[in-house]
Amino acid sequence: MFETLKERPADGILTLMQLYKDDPRPTKIDLGVGVYKDATGLTPVMRAVKAAEHQLWETQDSKVYTGLAGDPAFGDAMVRLVLADAVARDNIAAVATPGGTGAVRQAFELVRMARPGARVFVSDPTWPNHLSILNYLEMERVDYRYFDEESRGVDFYGMIADLKTAKAGDVVLLHGCCHNPTGANLNMTEWQAVVDVLVETGAVPMIDIAYQGFGDGLEEDAAATRLVASSVPECIIAASCSKNFGIYRERTGLLMAVSQNAEARKLHQDTLAFLNRQNFSFPPDHGARIVTMILNDEALRADWMAELEEVRGNMLGLRSQLAGELQRLSGSDRFGFLAQHRGMFSRLGTTKDKVEQMRSENGIYMVADSRMNIAGLNAETIPVLAKAIIDAGV
Ligand code: LMR
């Protein structure tokens, strides 16, 4: 029977990971998959994570199942981290999921269950896996303008105009902070305008927040999500702990559904638990438990926040170094956007051919759409990348 299976389109980011691995050149530079790396190229286990794991190893005396929603303490801690007191806790349903991707998948399924014909508005561009999952679930999608190829900032007026075409019963997928793949983000005044459109149209926002703490700070990066969640009657939020806790392979995420009252919340909670049961039953616990321990312990939390700030500062430093080097080489400010972008990624804004040229000639691996993982750089590789960009005529 399995001969009927068809080849699936390869995931561009994962394919690039493999190409990089297979490249024997010692000078190769990996700016592909969204994983934080320090100056030595390592993705370290964060200090607070190590400490919490140690404590857990000493104290955990059972690995019996948690609940379908995961440990409620994880939900509480993450709801506080993401939403603070923007919405009454009683109105928020929350389930642990296998990573942020798991939360995205469950969110789309929730939408499909509630509204089989719902259209999902997505930014052009968005994280390719959003599109892939929507396709897989056979859900209709509408692209809204987002990236301005000229300024490499947000095409705000295009975005607003396109979002105005959404209707009640549609869903608008937004990146809470650190837009992936572009690095271009709305300011808070622009977010308010997006909220006004959501209220006007009645479309339901779905926020994917996978990089809280990587942009302007933990609180600052959650501000837009809090604004949206406190301004509309219903909203869905997919949060990831992969990057800000550096626990990628532990698959730790949370799906939140914000509703108007405790009664709606119960229905959401039961439905989300049902969806977990159908798809994987109990969500993974190890990462969630580590996150809970860190968030609920003053000393661990302080240490985690300090290290996260270092990570954020490093990325900002790399951004300004790269922008500075490009300014020096090009004699122009046209790469200034790299210092304005936030998060791990920046879309350089060049052609697939030039991306390929930089890969073959200079061993620089960026995603075909010219997304670069800024965290993949260091003081030595910045001049190499800058020169390659100029040589390629970007
Ligand atoms: C990325 O965009 O590189 C990350 O979110 C990793 C992934 O799963 O694609």
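Treat the numbers as computed from the prediction; the structure is a model and nothing was measured.

Criteria and cut-off values
- Residues numbered from 1 in each chain as written.
- Predicted model: local features only at pLDDT ≥ 70, side-chain atom pairs only at ≥ 80, totals over all residues.
- Heavy atoms only, no water.
- Patch = residues over 30% accessible without salt bridge, like charges linked within 9 Å, V, L, I, M, F, W, Y side chains within 5 Å.
- Areas by Shrake-Rupley, 256 points an atom, 1.4 Å probe, with all protein chains shown as cover.
- Salt bridge = Lys/Arg side-chain N within 4 Å of Asp/Glu carboxyl O.
- Helix = DSSP H or I, 4+ residues; strand = E, 2+ residues; numbered from the N terminus.
- Buried < 20%, exposed > 50% of the residue type's maximum accessible area, 1.4 Å probe, protein only.
- Expected span 1.5 Å × (residues − 1).
- Bend = angle between axes of the 7 residues up to and from the residue.
- Contact = heavy atoms within 4.5 Å.
- Near = heavy atom within 4 Å.
- Polar contact = N/O pair within 3.5 Å; in protein donor to acceptor, adjacent residues only side chain to side chain.
- Nonpolar A, V, L, I, M, F, W, Y, C, P; charged D, E, K, R; others polar.
- Domains from an automatic or database assignment.

## Examining a nonpolar patch on the surface
Here's step 1: Taken together, the side chains of Met1, Phe2 and Leu5 define a hydrophobic patch exposed on the protein surface, amounting to about 430 Å² of accessible area.
Here's step 2: Mapped onto the fold, leucine 5 is located in the segment before α1 (12-22).
Here's step 3: On the accessibility criterion, leucine 5 (62% relative accessible area) is exposed.

## Overview of helix α8 (residues 218-231)
Here's step 1: Taking 1.5 Å of rise per residue, the 14 residues of α8 would be expected to cover 20 Å, and the 21 Å separating its terminal C-alpha atoms lies within 8% of that figure.
Here's step 2: At alanine 224, α8 is bent by approximately 35 degrees, the largest bend along its length.
Here's step 3: Check the buried side of α8 and you find it contacts α3 (72-83), α7 (188-201), β6 (204-209), β7 (235-240), β8 (253-258) and α11 (298-330).

## A word on the site of the ligand
Here's step 1: In the neighbourhood of the ligand, the contacting residues comprise Ile13, Val33, Gly34, Trp127, Asn180, Tyr211, Lys243 and Arg371.
Here's step 2: Take asparagine 180: an N or O atom from its side chain is 3.0 Å from an oxygen atom of the ligand.
Here's step 3: The side chain of lysine 243 places a nitrogen or oxygen atom 3.0 Å from an oxygen atom of the ligand.
Here's step 4: Coverage of the ligand by the protein amounts to 79% of the 260 Å² it exposes when considered alone.
Here's step 5: By residue class, the composition of the shell around the ligand is 4 nonpolar, 2 polar and 2 charged.
Here's step 6: Per-domain counts for the shell around the ligand show at least three residues from each of domain 1 (10-45 + 310-391) and domain 2 (65-296).

The analysis is restricted to geometry; functional conclusions fall outside its scope.
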